[in-house]
Number of protein chains: 2
Amino acid sequence: MDIYEALKERRSVRKYASDPVPEEKLNKVLEAAQVAPSWKNKQCWRFIVVRNPERKEQLAASMPESNPARRAVGETAPIVIVLCADTEGSGDKDGKDYYMLDAGLAFQQLMLAAYAEGLGTCWVGLFDEEKVREACAVPSEFRVVALTPLGVPAKQPSPRPRKDLSEITYSEEWGHSFIS
Amino acid sequence: MDIYEALKERRSVRKYASDPVPEEKLNKVLEAAQVAPSWKNKQCWRFIVVRNPERKEQLAASMPESNPARRAVGETAPIVIVLCADTEGSGDKDGKDYYMLDAGLAFQQLMLAAYAEGLGTCWVGLFDEEKVREACAVPSEFRVVALTPLGVPAKQPSPRPRKDLSEITYSEEWGHSFIS
């Protein structure tokens, strides 16, 4: 798949078919995460691959009831991947949690590869961290950064609107319009 | 370019040729950042495209002298892009800075697209934020997350080692080996 197709067309998938995820594809998406860049090559990320139905239900129970991806995590997607990060590895930059950035890059690489393999993913960033910790025995020195379901999409969502480039891009200084 | 080539072969480029960056390529990489996913589609990111030699020197002066990308930022790369984020947009998740993750994803999309366009980039995560703020008039409600030089690589660096998948991937629970 062309890089731009993945960057532009990947969507958050919240409805999954019951098809299994072939091991070969699972390995490919994990390998894509493995090679992400990171602060001083610290690779602060860890991935927990969950397939057990009871554990998936525990993960779903960590999410707000209003989250439309809850059923995907608890029931329909055959796999849920939990993203954890060593907070010491990437360090704190003037109060900015750099491990959030590094771990996020790895998960994004995983999601882009998943899209290339015909699989769906969805960022889940809000959950009761203690419940996830208990479900997957995550040690206290690691934070749980995100979860994603992984499976065959039941349907491909429509794109969501984006701000214009002129709203998010400046030339030289803040507020100076970017003329291309 | 194939998605896997970009995910696996992109490197941090610290030495640049003097060739200019065509406007068309600059637009493509900014558009790749624009379409990144984000918390509730908040798109907390802002990009400042710097070409002015004095301003580039100011940005280089914000970096530790030991950073081998300092000369690329201050002199050799024709463009430096400053990544800023609205800290309110993506919110704080139990003390985890989610804007770091969201802004990071956008910059990674930019870097992957840059690689596809034959351009080099390099994550710069440690700098004196006040100096960058002054150089580019970044308002106080935004944090400066990262910088990158953007230009034609003088050489493509070698890959750096990665942890084995078995070290970073668990099955079901922390510490349980992942058998694929």
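This structure is a prediction, so every number in the text was calculated from the model and none was measured.

### As for the overall build of chain A
Okay, so step 1: From N to C terminus, chain A includes 8 helices and 6 strands.
Okay, so step 2: For 180 residues, the compact-globule estimate of 2.2 N^0.38 gives 16 Å, and chain A sits close to it at 17 Å.
Okay, so step 3: Seen through its C-alpha atoms, chain A measures out along the principal axes to roughly 55 × 40 × 35 Å.
Okay, so step 4: Residues counted as buried form 58% of the 180 residues belonging to chain A.

### Let's talk about the nonpolar core
Looking at soluble globular proteins, one finds that nonpolar side chains tend to be buried together.
Okay, so step 1: In this structure, L26(A), F47(A), L26(B) and F47(B) are the most contacted members of the largest nonpolar core, which totals 84 residues.
Okay, so step 2: Those residues within four positions of L26(B) in sequence are excluded, and the remaining contacts are F178(A), V21(B), V49(B), R51(B), I79(B), I81(B) and L150(B).

### Some remarks on the relation of the copies chain A and chain B
Okay, so step 1: For the pair chain A and chain B, the superposition axis carries a translation of 0.0 Å, the fit reaches an RMSD of 0.0 Å, and the rotation angle comes to 180°. Here the copies are linked by what is in effect a two-fold axis.
Okay, so step 2: A share of 100% of the interface residues of chain A reappears at the interface of chain B, consistent with the copies meeting face to face through the same patch.

### What to know about the packing of aromatic side chains
Okay, so step 1: All told, the structure shown has 10 aromatic pairs over all chains when counted by the stated rule.
Okay, so step 2: Relative to Y98(A), the ring of W39(A) lies with its centre 5.6 Å away and its plane at 65°, an arrangement referred to as edge-to-face. Of this pair, W39(A) sits in the loop between helix 2 (23–34) and strand 1 (45–50) while Y98(A) sits in helix 6 (residues 98–116), placing them 59 residues apart in sequence. The exposure classification of W39(A) matches that of Y98(A), with both residues buried.
Okay, so step 3: When the ring of F47(B) is compared with that of F107(B), the centres are 6.3 Å apart and the planes differ by 10°; the resulting orientation is stacked. Taken as a pair, F47(B) in strand 1 (residues 45–50) and F107(B) in helix 6 (residues 98–116) lie far apart in primary sequence, 60 residues in all. Neither residue differs from the other here; F47(B) and F107(B) are each classed as buried.
Okay, so step 4: Of the aromatic side chains, those joined through ring pairs into one cluster are F47(A), F107(A) and W123(A).
Okay, so step 5: One Lys or Arg, K93(A), reaches over the ring of W39(A) and ends 3.8 Å from the middle of that ring.

### Observations regarding helix 7 (residues 129–136) of chain B
Okay, so step 1: Buried within helix 7 of chain B we find E129(B), V132(B), R133(B), A135(B) and C136(B). The arc that holds every buried residue of helix 7 of chain B, seen down its axis, measures 165°, which confines them to one face.
Okay, so step 2: Residues of helix 7 of chain B that are buried in the fold lie against strand 4 (96–97) of chain A together with strand 1, helix 3 (53–61), strand 2 (79–86) and strand 5 (142–150) of chain B.
Okay, so step 3: Capping the start of helix 7 of chain B is the job of one residue whose side-chain oxygen sits 3.0 Å from the backbone nitrogen of E130(B): D128(B).

### What about the sheet that holds strand 1 of chain A?
Okay, so step 1: With mixed pairing, the 4 strands of this open sheet are ordered in space as 5(A)-2(A)-1(A)-6(B). Sheet topology places strand 5 (142–150) of chain A together with strand 6 (169–171) of chain B at the edges, where each strand pairs with a single neighbour. Within this sheet the neighbouring strands show an average axis-to-axis angle of 20°, counted without direction.
Okay, so step 2: With 3 bridges connecting them, strand 1 of chain A and strand 6 of chain B associate as parallel partners. Within strand 6 of chain B, the residue paired with F47(A) across the bridge is T169(B).
Okay, so step 3: Helix-sheet contacts for helix 6 of chain A involve strand 1, strand 2 (79–86) and strand 5 of chain A, and the interaxial angle to strand 5 of chain A is about 15°.

### A few points about the sheet that holds strand 6 (residues 169–171) of chain A
Okay, so step 1: Taken together, the 4 strands give an open sheet; going across it, the order is 6(A)-1(B)-2(B)-5(B), and neighbouring strands pair in mixed fashion. Looking at the sheet topology across the chains shown, the edges are occupied by strand 6 of chain A together with strand 5 of chain B. If you compare each strand with its neighbour and ignore which way they point, the axes differ by 20° on average.
Okay, so step 2: Its contacts with the sheet put helix 7 of chain B on strand 1, strand 2 and strand 5 of chain B, and the angle it makes with strand 5 of chain B is roughly 80°.

### Here we look at the state of the cysteines
Okay, so step 1: Tallying each qualifying case throughout the model produces 0 disulfides over all chains.
Okay, so step 2: A disulfide-free cysteine, C122(A) has its sulfur positioned 17 Å from the sulfur of C44(B), the nearest such atom.

The rules we used
- Residues numbered from 1 in each chain as written.
- Chains lettered and ligands numbered in written order.
- Predicted model: local features only at pLDDT ≥ 70, side-chain atom pairs only at ≥ 80, totals over all residues.
- Heavy atoms only, no water.
- Helix = DSSP H or I, 4+ residues; strand = E, 2+ residues; numbered from the N terminus.
- Rg over C-alpha atoms; globule rule 2.2 N^0.38 Å.
- Buried < 20%, exposed > 50% of the residue type's maximum accessible area, 1.4 Å probe, protein only.
- Core = buried A, V, L, I, M, F, W, Y, C linked by side-chain atoms within 4.5 Å.
- Contact = heavy atoms within 4.5 Å.
- Least-squares fit on C-alpha atoms with pLDDT ≥ 70 in both.
- Phe/Tyr/Trp six-rings, centres within 6.5 Å; stacked < 30°, edge-to-face > 60°.
- Lys NZ or Arg CZ within 6 Å of the ring centre and 35° of its normal.
- Arc of directions from axis to C-beta.
- Polar contact = N/O pair within 3.5 Å; in protein donor to acceptor, adjacent residues only side chain to side chain.
- Pairing = 2+ DSSP bridges.
- Axes fitted to C-alpha atoms, helices over the stretch in contact; angles between N-to-C directions.
- Disulfide = S-S within 2.5 Å.

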